[in-house]
Amino acid sequence: MKAPRAPGSPTRTVLRALVRDRNGLIGGTLVAILVGAVLLSLVWTPYDPTAVDPNAPWLLPFRDGHVLGTDMLGRDQFSLILVGSRETLLIALASAGIAAVLGLPLALAAALGPRRFAAGVVQLIDVAIAFPALLTAMILAAVFGGSVWTAAGAIGVAFGVHLARIARAEIERVHGTDYVLAATASGSSTWRTVRRHILPNIAPTLLVQLSLVMAVASLTEAALSYLGYGSPAPAVSWGRILHDQQPYISARPLLVVWPGLAVALSVLGFNLLGDALRDATDPRLRRHAGETRPDDVGESEEVAAPRAPLPADGALLQVTDLTIRIAGRTVVDGIDLTLAPGERLGLIGESGSGKSLTALAVLGLLPEGAEVTGSIRLDGVELLGKRERELARIRGNRVAMVFQEPLTALDPTMRIGRQIAEPLRLHRGMSRRRADLAAIELAEQVGLPDPAELVRARPHQLSGGQRQRVGIAIALACRPALLIADESTTALDVTVQRDILALLDASTRRQGTALLFITHDLAVVSRVSDRIAVLRTGRVVEQGPLDRILHDADADYTRALLAAARATAFDATAFGAAAVGADSDAARDADFGAVEPTPGVRTSTETVEAPL
């Protein structure tokens, strides 16, 4: 097996992106000048910034060795600017750090905490936002005395709650995406999901907000010092220089130009660099696919994900009287389903019939506030009522899921190889090296081209069919006993659908994995199912072997679906071949029984309009 090359350093990748970005180059240069001035002032200044020279007041720039001239006391302006940069950078970093330490936990608590606790945190944030940072800093300075830490604390707290409000919205947005749901379905714990999926995806927004905090902190420090609430003498800051020179602005305007220009350039640098870092750290905005490579996994070695044991007898999955209520409305009403080891059950119904909610209930991933009754047993073990930690050990291990939309089901910030390897590291305890090699094998098994190279890519660099193959590889990585495929071919074109169906069919048969296939298309479900269960408005109206349902359905609703499937521009044979591919199963899939076609009805349950 060909092992992938080592990736470029993440720092080097970001720096390369910043250099190519004009804003990043300008902002980075300005911030680098600020940092350089701070470092230089620690070891050298042309003159003692506090030394008064009565013989050299009001000197113009480049006179008697003074690059920026002197003030009314004969102090060297360039030395004052150099030393004043320390306080500006310190208060910017301290404010950003306090804002991050305060704001991010508040945002996580407000977005992911229990409902009542989260509501209390949101109210606390709203109250705190009402206090302006500058006013708070002035009050604290009046009470405790002006200092860098007083100002940094006031600014950090004020902007920390602003950061919490923005981050909370971003966390809720990311937490509702399919790839976070897929990570949870793979067995990822809440903290691991936050660390590996949520935080990386909100990092660009956080960088912009923290850069704004640093910029505003620089301005606020200058304003506080100018108003006399900053650090007392002999401390030197740009705002204090402005305060000292303010009485002489009309006579010597150059005295305020230099510190004012320093403040303006530092604020501009923080803002531009923050915007550029947002783009540089978002892999979806990078121009070159070659920049995204996985870690070196070393020598090739044979790695196989252990196969989950299947029960010797009895039902693998048993759903009994499952009822789900959301916001007081019953959306699933008394469903009974069984699935034997290695069996393949097609769950079919129109939109809103409860198919996906049934699947999510098996995984324990129903939306917050859903009320569930009944029983769901996997391997004879009751799943309803299990704690999150216990469910996390089952998800991705004994039961896995392939989601409908292949792009949103993958984390855009993670490389493909890392996402395939994650269930192996979670449930099999594999090292990163072995899991990465196993990911290449899995990518090869699901038919991805050049898998050793493709695992370096990110989701946006793959086609829809390739992304769905990646989703299948992730779901089958730990050889689960049950695979749930939720509308996994709906977003794909017909030819890609055929290939994905063939892959699901072959992969699950090879591993002996039971399949719960959810769809609204009879032609598709007939390709991969041994039995069919038909749902309507949250209830199972009919279920049984595939051949009986297709040729001798009992329920009027099922007969209407079959009639809709036959009412197409193609004859029965052409319909079966186009929907499921021209293979040995096409003839079986083409014959949907002797039900007469219903005029005006299309071939999927999404648009059944026939009277029932």
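Structure first, text after, so check above.
The rules behind the values
- Residues numbered from 1 in each chain as written.
- Predicted model: local features only at pLDDT ≥ 70, side-chain atom pairs only at ≥ 80, totals over all residues.
- Heavy atoms only, no water.
- Helix = DSSP H or I, 4+ residues; strand = E, 2+ residues; numbered from the N terminus.
- Buried < 20%, exposed > 50% of the residue type's maximum accessible area, 1.4 Å probe, protein only.
- Contact = heavy atoms within 4.5 Å.
- Areas by Shrake-Rupley, 256 points an atom, 1.4 Å probe, with all protein chains shown as cover.
- Pairing = 2+ DSSP bridges.
- Axes fitted to C-alpha atoms, helices over the stretch in contact; angles between N-to-C directions.
- Salt bridge = Lys/Arg side-chain N within 4 Å of Asp/Glu carboxyl O.
- Parallel < 35°, antiparallel > 145°, perpendicular 65-115°, else oblique.
- Nonpolar A, V, L, I, M, F, W, Y, C, P; charged D, E, K, R; others polar.
- Core = buried A, V, L, I, M, F, W, Y, C linked by side-chain atoms within 4.5 Å.
- Phe/Tyr/Trp six-rings, centres within 6.5 Å; stacked < 30°, edge-to-face > 60°.
- Patch = residues over 30% accessible without salt bridge, like charges linked within 9 Å, V, L, I, M, F, W, Y side chains within 5 Å.
- 1 Å grid on protein atoms, 1.4 Å probe; cavity = no way out; pocket = protein on both sides within 12 Å on 5 of 7 lines; lining within 4 Å.
- Points joined across faces, edges and corners; volume = space filled by probe spheres on them.
- Expected span 1.5 Å × (residues − 1).
- Arc of directions from axis to C-beta.

Caption draft 1: Main features of the overall build of the protein. Within the protein, the regular secondary structure consists of 22 helices and ten strands. Within the protein, the proportion of its 612 residues that are buried is 52%. Once local pairs closer than 6 in sequence are excluded, the contacts in the protein between residues at least 24 apart make up 73%. When the accessible surface of the protein is split by element, carbon and sulfur atoms take 58% of a total near 26500 Å².

Caption draft 2: Looking closely at the pairing of strand E8 (residues 514–519). With six of six residues buried, E8 lies mostly within the body of the structure. Alternating residues of E8 divide into Ala 514, Leu 516 and Ile 518 and Leu 515, Phe 517 and Thr 519, and every residue in both groups is buried. Summarising the sheet, strand E3 (residues 344–349) and E8 pair through five bridges and their orientation is parallel. Residue Leu 347 lies in a different strand from E8, and its bridge partner there is Ile 518. Summarising the sheet, strand E7 (residues 482–486) and E8 pair through five bridges and their orientation is parallel. Bridging across to E8, Leu 482 finds its partner in Ala 514.

Caption draft 3: Focus on the sheet that holds strand E4 (residues 371–378). Spatially, the four strands line up as an open sheet ordered E2-E1-E4-E5, and their pairing is antiparallel. The open sheet has two free edges, formed respectively by strand E2 (329–339) and strand E5 (381–382), since each of these has just one partner strand. Most of the contacts of helix H11 (residues 355–363) go to strand E1 (residues 317–326), to which it runs at about 110°, and overall it touches E1, E2 and E4.

Caption draft 4: View of the pattern of salt bridges. Taken as a whole and judged by the stated rule, the model has 24 salt bridges. With its nearest N and O atoms 3.9 Å apart, the salt bridge here joins Glu 368 to Arg 115. Highlighted residues: Glu 368 in the loop between H11 and E4 and Arg 115 in helix H4 (residues 115–129), separated in sequence by 253 residues. By the burial criterion, Glu 368 is exposed, and Arg 115 matches it.

Caption draft 5: Representation of the packing of helix H3 (residues 77–112) against helix H9 (residues 238–245). The N-to-C vectors of H3 and H9 enclose an angle of 135°; their axes lie 7 Å apart at closest approach. As the angle between them shows, H3 and H9 are arranged oblique. On H9, the residues touching Gln 77, Leu 80, Ile 81, Gly 84, Ser 85 and Thr 88 of H3 are Trp 238, Ile 241 and Gln 245. Looking at side-chain class alone, the contact of H3 with H9 contains four nonpolar, five polar and no charged residues.

Caption draft 6: Looking closely at the pairing of E1. Pairing geometry for E1 and E2, over seven bridges, is antiparallel. Across the sheet, the residue bridging to Leu 322 is Ile 335, located in E2. Counting the residues that bridge the hairpin from E1 to E2 gives two residues, and of these Ala 327 lies at a positive phi of roughly 55°. Examined bridge by bridge, E1 and E4 share seven bridges and lie antiparallel to one another.

Caption draft 7: Quick look at the nonpolar core. Ile 420, Leu 424, Val 470, Ile 472, Leu 483 and Phe 517 are the most contacted members of the largest nonpolar core, which totals 40 residues. When sequence neighbours within four positions are dropped, the list of residues in contact with Phe 517 reads Leu 345, Gly 346, Leu 347, Ala 485, Ser 488, Thr 489, Leu 501, Leu 504, Val 524 and Val 528. If you look at the next biggest cluster of nonpolar residues, it comprises 38 residues, including Leu 322, Leu 357, Leu 383 and Phe 403.

Caption draft 8: Representation of the environment of Ala 264. Among the structural elements, Ala 264 can be located in helix H10 (residues 254–280). Considering only alpha carbons, one finds Ala 264 and Ala 215, 49 residues apart in sequence, at a separation of 9.3 Å.

Caption draft 9: Up close: the sheet that holds E8. Reading across the sheet, the six strands line up as E6-E7-E8-E3-E9-E10 and stay open at both edges, with mixed pairing between neighbours. Sheet topology places strand E6 (399–402) and strand E10 (539–545) at the edges, where each strand pairs with a single neighbour. Strand-to-strand twist across the sheet, computed as the mean angle between neighbouring axes with direction ignored, equals 15°. Packing against the sheet, helix H20 (residues 556–566) makes contact with strand E9 (531–536) and E10, and its axis sits at approximately 105° to E9.

Caption draft 10: Looking closely at the packing of aromatic side chains. Following the criterion strictly, the structure yields one aromatic pair and no others. For the ring pair Trp 58 and Tyr 248, a centre distance of 5.3 Å and an interplane angle of 70° mean the geometry is edge-to-face. Within this pair, whereas Trp 58 is found in the loop between helix H2 (22–43) and H3, its partner Tyr 248 is found in the loop between H9 and H10, the two being separated by 190 residues in sequence. The class of Trp 58 is partly exposed, set by a relative accessible area of 27%.

Caption draft 11: Quick look at a nonpolar patch on the surface. A contiguous nonpolar patch, built from Val 35, Leu 39, Leu 40, Leu 42, Val 43 and Trp 44 and spanning about 590 Å² of accessible area, is present on the exposed surface. Relative to the elements of secondary structure, Leu 40 occurs in helix H2. Under the relative-accessibility criterion, Leu 40 is labelled partly exposed at 34%.

Caption draft 12: Main features of the packing of helix H8 (residues 190–226) against H10. Remark: H8 packs on H10, axes separated minimally by 8 Å, with the N-to-C direction vectors making an angle of 175°. Here H8 lies roughly antiparallel to H10, going by the angle between them. Note on element contacts: H10 touches H8 through Val 263, Ser 266, Val 267, Phe 270, Asn 271, Gly 274, Asp 275, Leu 277 and Arg 278, opposite Pro 204, Leu 207, Val 208, Ser 211, Leu 212, Met 214, Ala 215, Ser 218, Leu 219 and Ala 222. Grouping the constituent residues of the contact of H8 with H10 by class yields twelve nonpolar, five polar and two charged.

Caption draft 13: Region of interest: empty space enclosed by the protein. Summed over all chains, the structure comprises five cavities of 30 Å³ or more. Taken as a whole, the largest cavity encloses approximately 270 Å³ of empty space. For the lining of the largest cavity, the secondary-structure elements that each account for two or more residues are helix H7 (178–185), E6, helix H13 (416–427) and helix H16 (464–476). Residues of the lining of the largest cavity, tallied by class, amount to 15 nonpolar, seven polar and three charged.

Caption draft 14: Up close: the environment of Thr 338. By secondary structure assignment, the location of Thr 338 is in strand E2. The exposure class assigned to Thr 338 is partly exposed, which follows from its relative accessible area of 38%. Distance from Thr 338 to Leu 316, taken between C-alpha atoms, is 7.6 Å for residues 22 residues apart in sequence. Those residues in contact with Thr 338, other than ones at most four positions away along the chain, are Leu 317, Gln 318, Glu 343, Leu 345 and Arg 531.

Caption draft 15: Here's a closer look at H4. Here H4 spans 21 Å end to end across 15 residues, near enough to the 21 Å set by a 1.5 Å rise per residue. Burial in H4 covers these residues: Ala 118, Val 121, Ile 125 and Ile 129. Projected onto a plane normal to the axis of H4, the buried residues spread over an arc of 75° and lie on a single side. For H4, exposure combined with an orientation more than 90 degrees from the buried face picks out Arg 116, Gln 123, Leu 124 and Val 127. On its buried face, H4 sits against H3 and helix H6 (148–175).

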